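# An overview of the molecular structure
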Amino acid sequence: MSVGLLIGTNFAYADPAAAAAPNWPLVQSGHAGDRVTTVQHLLRHDGASIDADGQFGPKTLSATKSFQSANGLDSDGIVGPMTWPKLTVDVDSGDANEAVKALQVLLKRHGGEVSVSGTYDTATGDAVAAFKEEHGVGGGSLVDDTTWQYLVGASPPVGDHSLPIDRDALPRSEYDDPHHDYPAIDLPTPTGTPALATVAGTVVLINDSSCGKGVNLTDAAGNRYTYCHFSAHSVSNGAQVAAGEQIGLTGNTGNSTGPHLHFAIRVPPSSTSVCPQNYLLAIYDGTEVPDPTTLPRSGCTY
């Protein structure tokens, strides 16, 4: 797949993602992790008889649909931008309930030193204050709709590298899949899933018939990370981004047979395609991330 660029004054670029709150993520059947646990605690707060085990299985699906129906929402079983604001509730110092457990799960996800006790104690208040200050969402101990949106939608600190989508979105097994015709990888994601910068660098927007909407992200060493098939850009052309920063929303634009994120890496000096699988697996596992120039250049296709 050749990737072309449209750069110029005729292209309508999006405002930088930093100017707005993060998008509410999609959480649905088959997902696992902290966001699922958060959903389950909030459903339990509403009276659902389910375990908060971090696995979005049939019982969580049924409870989600019941909650949506009771709140006048489309009962599709997907916790997205319409369901999250109904599901979250204000919590404050002194509260003790399942919603506080949901809050504490998210605070731990963002590095807060709290226990998931269900009691809004001093440690929880300190973590809330630190999170609010970091994200510029005001002061005080109250966790309101805006604070919930940042807690749920923002990516936690990732250091120098990030997966191209949130770690909870896909299991590890998806990151070693071969690509169909050249070194790259296709990650199945529902339309609207936030796509994240794997490293710090400079973004050039893409909009063509092959890649569809996408970006080329170039790091300080000249390695180029290509993302394709976005439904929307989240950054402007030429933006400087940090690892973990949202750069777009996945979709099905361009030469695509279904919603997914196409991710590829090219290395200097001749813009050679390399296999990204070992790079992504290292980030997923939290082990030393290989220099892209050392990645294999064949053997990751079928």
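Residues numbered from 1 in each chain as written. Predicted model: local features only at pLDDT ≥ 70, side-chain atom pairs only at ≥ 80, totals over all residues. Heavy atoms only, no water.

## Some words on the packing of aromatic side chains
Our working rule: Between 30 and 60 degrees the pair is tilted, below 30 it is stacked and above 60 it is edge-to-face, where a pair is any two Phe, Tyr or Trp rings, Trp via its six-membered ring, whose centres lie within 6.5 Å. Secondary structure is summarised from DSSP: a helix means a run of H or I of at least four residues, a strand means a run of E of at least two, and numbering begins at the N terminus for each. Burial here depends on accessible area, computed with a 1.4 Å probe over protein chains only, as a share of the maximum for the residue type. Under 20% is buried, over 50% is exposed, and the range in between is partly exposed.
Inspection of every chain in the model, using the stated rule, returns six aromatic pairs. Judged by centre distance (5.8 Å) and plane angle (15 degrees), the ring pair of Trp 24 and Trp 84 falls under stacked. Of the two residues, Trp 24 is situated in the segment before helix 1 (34–45) and Trp 84 in helix 3 (residues 84–87); the sequence distance between them amounts to 60 residues. By relative accessible area, which is 12% here, Trp 24 ends up buried. Assessed through its relative accessible area of 0%, Trp 84 is described here as buried. An angle of 55 degrees between the planes, with centres 6.2 Å apart, marks the rings of Tyr 227 and Phe 230 as tilted. Just as Tyr 227 is buried, Phe 230 falls in that class too. Here the aromatic cluster, defined as three or more aromatic residues joined through ring pairs, consists of Tyr 225, Tyr 227, Phe 230, Phe 263 and Tyr 279.

## Quick notes on the state of the cysteines
For the record, the criterion: Pairs of cysteine sulfur atoms within 2.5 Å are identified as disulfides in what follows.
Counting across every chain of the model gives two disulfides. In this model Cys 211 forms its disulfide with Cys 228; the gap between the sulfur atoms is 2.0 Å. Residues Cys 211 and Cys 228 are joined by a disulfide whose S-S torsion is about -110 degrees; by sign, that bridge is left-handed. A residue pair is termed long-range when its members are at least 10 positions apart, and Cys 211 in the loop between strand 3 (201–208) and strand 4 (212–218) and Cys 228 in strand 5 (residues 224–233) qualify at 17 residues. Here the two residues Cys 211 and Cys 228 agree in accessibility, since each one is buried.

## Here's the deal with the UniProt feature "domain: Peptidoglycan binding-like" (unreviewed entry) in the protein
For the record, the criterion: UniProt positions are given in the numbering used here, feature names are shortened, and annotations may be inferred rather than shown by experiment.
Mapped onto this structure's residue numbering, the UniProt feature "domain: Peptidoglycan binding-like" (unreviewed entry) falls at residues 33–86. Within the segment residues 33–86, helix and strand shares are 52% and 0% respectively, and the terminal C-alpha atoms sit 21 Å apart.

## Let's talk about unusual backbone geometry
Of note, the amide linkage connecting Pro 268 to Pro 269 takes the cis form, showing an omega dihedral of 10 degrees. Within the element layout of this structure, Pro 269 appears in the loop between strand 8 (260–267) and strand 9 (272–274). A positive phi angle, close to 55 degrees, is found at Ser 271, a residue other than glycine. Position of Ser 271 among the secondary structure elements: in the loop between strand 8 and strand 9. Judged by relative accessible area, Ser 271 falls into the partly exposed class, the value being 29%.

## Quick notes on the UniProt feature "domain: M23ase beta-sheet core" (unreviewed entry) in the protein
Following the UniProt record, one finds the feature "domain: M23ase beta-sheet core" (unreviewed entry) at residues 184–267. Secondary structure across residues 184–267 comprises 0% helix and 56% strand; the distance between its end C-alpha atoms is 13 Å.

## As for the nonpolar core
Rule in force here: Side-chain atoms within 4.5 Å link the members of a nonpolar core, which is a set of buried Ala, Val, Leu, Ile, Met, Phe, Trp, Tyr and Cys residues. We call two residues in contact when some of their heavy atoms are within 4.5 Å.
Ranked by size, the top nonpolar core spans 32 residues in total, and within it Tyr 175, Tyr 227 and Ile 247 carry the most contacts. Of all the elements in the fold, those that place two or more residues in this core are strand 1 (185–188), strand 3, strand 4, strand 5, strand 8 and helix 7 (277–285). Residue contributions to this core peak at five residues, all from helix 7. With near-sequence residues (within four places) excluded, Ile 247 lies in contact with Ala 195, Leu 196, Ala 197, Val 203, Val 215, Tyr 227, Phe 230, His 233, Ser 234, Val 235 and Val 241. Grouped together as the second largest cluster of nonpolar side chains are 31 residues, Ile 50, Phe 67, Val 128 and Tyr 150 included.

## Topic: helix 1
As a reminder of what qualifies: Any helix carries an expected span of 1.5 Å times its number of residues minus one.
Look at helix 1: 16 Å from first C-alpha to last across 12 residues, which is about the 16 Å you get at 1.5 Å a residue. Where burial is concerned, most of helix 1 is hidden: nine out of the 12 residues are buried. Taken residue by residue, helix 1 has Arg 35, Val 36, Thr 37, Thr 38, Val 39, Gln 40, His 41, Leu 42 and Leu 43 as its buried positions. Those residues of helix 1 hidden inside the fold are in contact with helix 2 (58–70), helix 3, helix 4 (98–109) and helix 6 (145–153). The positive-phi residue at the C-terminal boundary of helix 1 is Gly 47, with phi of around 110 degrees.

## A look at the pairing of strand 1
Counted only if it meets this: At least two DSSP bridges between two strands are required for those strands to pair.
The alternating pattern of strand 1 places Ile 185 and Leu 187 on a buried face, while none of Asp 186 and Pro 188, on the opposite face, is buried. The sheet contact formed by strand 1 and strand 8 spans four bridges and is antiparallel. Within strand 8, the position partnered with Leu 187 by the bridge is Leu 261.

## A short note on the packing of helix 4 against helix 6
Applicable threshold: To define axes, lines are fitted to C-alpha atoms, for helices over the stretch in contact only, and angles between the resulting N-to-C directions are given on a 0 to 180 degree scale. These descriptions rest on fixed angle ranges, namely under 35 degrees for roughly parallel, over 145 for roughly antiparallel, 65 to 115 for roughly perpendicular, and the rest for oblique. Crossing handedness follows the turn of the near helix against the far one: under a right angle anticlockwise gives a left-handed crossing, and clockwise gives a right-handed one. When residues are sorted by character, Ala, Val, Leu, Ile, Met, Phe, Trp, Tyr, Cys and Pro go into the nonpolar class, Asp, Glu, Lys and Arg into the charged class, and all the rest, Gly among them, into the polar class.
Direction vectors running N to C along helix 4 and helix 6 enclose 50 degrees, while the axes themselves pass 9 Å from each other. Between helix 4 and helix 6, the angle is such that the two are oblique. Viewed along their axes, helix 4 and helix 6 form a crossing whose handedness is left-handed. Packed against helix 4, whose contacting residues are Ala 99, Ala 102, Leu 103, Leu 106 and Leu 107, the element helix 6 presents Trp 148, Leu 151 and Val 152 at the interface. Residues of the contact of helix 4 with helix 6, tallied by class, amount to eight nonpolar, no polar and no charged.

## Let's talk about the side chain of Thr 226
Short version of the rule: What qualifies as a polar contact is a pair of N or O atoms within 3.5 Å, subject to a donor-acceptor requirement within protein and to the restriction that residues adjacent in sequence count only when both atoms come from side chains.
As for its placement among the helices and strands, Thr 226 is situated in strand 5. When its relative accessible area of 4% is taken as the criterion, Thr 226 is described as buried. Polar contacts involving the side chain of Thr 226 include one to the side chain of Asn 216, which spans 2.5 Å.

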